[in-house]
Amino acid sequence: IAMQPGYEIIGMAPDLASADGLLDQSPDLFLLDIGLPDGIGYTFIPQIKARSGARALIISTFGDRDTVVKAIQAGADGYLLKDSSPAVILDGIAATLDGGAPVSPSAAIYLLGFLRAGPETTAPAAVSAEHRLSARETELLQAFAKGQSYKEAARTLAISPHTVGTHVKSIYRKLEVNSRSDAIREAQRTGQA
């Protein structure tokens, strides 16, 4: 990005806490990831809009339906996946700065589905005792939703990586899923995260 004519990177932040200081530098655009060490990137968008008026473009590996929809609802001006080519990302940056709303094709599928179905208005279904997550399992899923690895989550929760693995097996069994992203999505769907 810095090598492109007309663009200047005025700051970078490894987490949400550090990003707050960038608001005072009057950027035109924030490029945000979803999984940050101290939170979820799209939760910073309301601050961007309220304090700087800058545009916000999500560039992330997270492309599941709930994340895409929540990011757009939070005010994201576009949503690109990190596996996009550099040319697509640069085009997306230019489009966002010009008032456009670039969205990766796979993310657009989720948005179209959401719009066609309408927002979900029903409360989460009651969860049976055998499928209810423990408080520790919920904390672990929240750490994963922030993009933490097994080791990082173990440090955050002050447990061993082996214990993380045991909790993950229990989470998968209770939610009847086979991946972290599916577990996060299912826990959110059932109101457990």
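Above: the structure in question.
Residues numbered from 1 in each chain as written. Predicted model: local features only at pLDDT ≥ 70, side-chain atom pairs only at ≥ 80, totals over all residues. Heavy atoms only, no water.

Novice: Looking at this structure, how should I read the side chain of histidine 167?
Specialist: Relative to the elements of secondary structure, histidine 167 occurs in helix α8 (residues 161-175). Its relative accessible area of 17% is what places histidine 167 among the buried residues. If near-sequence neighbours (up to four positions away) are discounted, histidine 167 is found in contact with Arg136, Glu137, Leu140 and Ile159. (Helix = DSSP H or I, 4+ residues; strand = E, 2+ residues; numbered from the N terminus. Buried < 20%, exposed > 50% of the residue type's maximum accessible area, 1.4 Å probe, protein only. Contact = heavy atoms within 4.5 Å.)

Novice: Explain the nonpolar core here, please?
Specialist: Soluble, globular proteins show a tendency: their nonpolar side chains are buried together. One finds Phe30, Leu32, Phe44, Ile45, Ile48, Ile58 and Tyr79 to be the most contacted residues of the largest nonpolar core, which totals 24 residues. Looking at this core, the elements with two or more residues in it are α1 (16-19), β1 (29-32), α2 (45-51), β4 (55-60), α3 (65-74), β5 (78-81) and α5 (105-117). (Core = buried A, V, L, I, M, F, W, Y, C linked by side-chain atoms within 4.5 Å.)

Novice: What is the right way to look at helix α6 (residues 135-145) in this model?
Specialist: Structurally, the α-helix is built with 3.6 residues per turn, so residues lying three or four positions apart point the same way. Every buried residue belonging to α6 is among Glu137, Thr138, Leu140, Leu141, Ala143, Phe144 and Ala145, and all of these are buried. Summarising the contacts, the buried residues of α6 are in contact with β2 (35-36), β3 (39-40), α7 (150-157), α8 and α9 (180-189). Just downstream of α6 lies glycine 147, where phi reads positive at about 90°.

Novice: Teacher, can you tell me more about the pattern of salt bridges here?
Specialist: A pair can form between side chains of opposite charge whenever their charged atoms are brought close. For the coordinates displayed, the defined rule picks out 7 salt bridges. One salt bridge in this structure joins aspartate 24 and arginine 51, with 3.4 Å as the shortest N-O distance. Placement of aspartate 24 in the loop between α1 and β1 and of arginine 51 in helix α2 is noted, with a sequence separation of 27 residues between them. The residue arginine 55 makes a salt bridge to aspartate 77 at a minimum N-O spacing of 3.6 Å. Of this pair, arginine 55 sits in strand β4 while aspartate 77 sits in the loop between α3 and β5, placing them 22 residues apart in sequence. The network of salt bridges with shared partners includes Asp20, Asp24 and Arg51. (Salt bridge = Lys/Arg side-chain N within 4 Å of Asp/Glu carboxyl O.)

Novice: Looking at this structure, how should I read the sheet that holds β5?
Specialist: Strands belonging to one sheet form pairs held by backbone hydrogen bonds; the direction of such a pair is parallel or antiparallel. With parallel pairing, the 3 strands of this open sheet are ordered in space as β1-β4-β5. Lying at the two open borders of the sheet, with one neighbouring strand each, are β1 and β5. On average, adjacent strands in this sheet sit at an angle of 20° to one another, irrespective of strand direction. (Pairing = 2+ DSSP bridges. Axes fitted to C-alpha atoms, helices over the stretch in contact; angles between N-to-C directions.)

Novice: Any chance you could explain a nonpolar patch on the surface here in plain terms?
Specialist: A cluster of nonpolar side chains, namely Ile1, Ile9, Met12 and Leu31, defines an oily patch on the protein surface of about 400 Å² accessible area. With respect to the helices, strands and loops of the structure, isoleucine 9 is situated in the segment before α1. For isoleucine 9, a relative accessible area of 43% gives the class partly exposed. (Patch = residues over 30% accessible without salt bridge, like charges linked within 9 Å, V, L, I, M, F, W, Y side chains within 5 Å. Areas by Shrake-Rupley, 256 points an atom, 1.4 Å probe, with all protein chains shown as cover.)

Novice: Please clarify how the packing of aromatic side chains should be interpreted in this entry.
Specialist: Each aromatic ring pair is characterised by the separation of its centres together with the angle its planes make. The final tally for this structure, using the stated rule, is 2 aromatic pairs. Aromatic side chains phenylalanine 30 and phenylalanine 44 sit 5.9 Å apart centroid to centroid with 70° between the ring planes, which places their arrangement in the edge-to-face category. Taken together, the residues span a long stretch of sequence, with phenylalanine 30 in strand β1 and phenylalanine 44 in the loop between β3 and α2 at a distance of 14 residues. With respect to burial, phenylalanine 30 and phenylalanine 44 carry one shared label: buried. (Phe/Tyr/Trp six-rings, centres within 6.5 Å; stacked < 30°, edge-to-face > 60°.)

Novice: I would appreciate a short explanation of unusual backbone geometry in the present structure.
Specialist: Negative phi values dominate among residues other than glycine, just as trans dominates among peptide bonds. A positive phi angle, close to 55°, is found at alanine 158, a residue other than glycine. Within the secondary structure, alanine 158 is located in the loop between α7 and α8. Under the relative-accessibility criterion, alanine 158 is labelled exposed at 68%. Unusually for a residue other than glycine, glutamate 176 sits at a positive phi of about 55°. The residue glutamate 176 is located in the loop between α8 and α9 in this model.

Novice: Any chance you could explain the environment of glutamate 137 here in plain terms?
Specialist: When you line up the elements, glutamate 137 lands in helix α6. Owing to a relative accessible area of 4%, glutamate 137 belongs among the buried residues under this scheme. Sequence-distant contacts of glutamate 137, defined by excluding residues within four places in its chain, comprise Arg132, His167, Ser170, Ile171 and Lys174. A distance of 2.6 Å separates the side chain of glutamate 137 from the side chain of serine 170, its partner in a polar contact. (Polar contact = N/O pair within 3.5 Å; in protein donor to acceptor, adjacent residues only side chain to side chain.)

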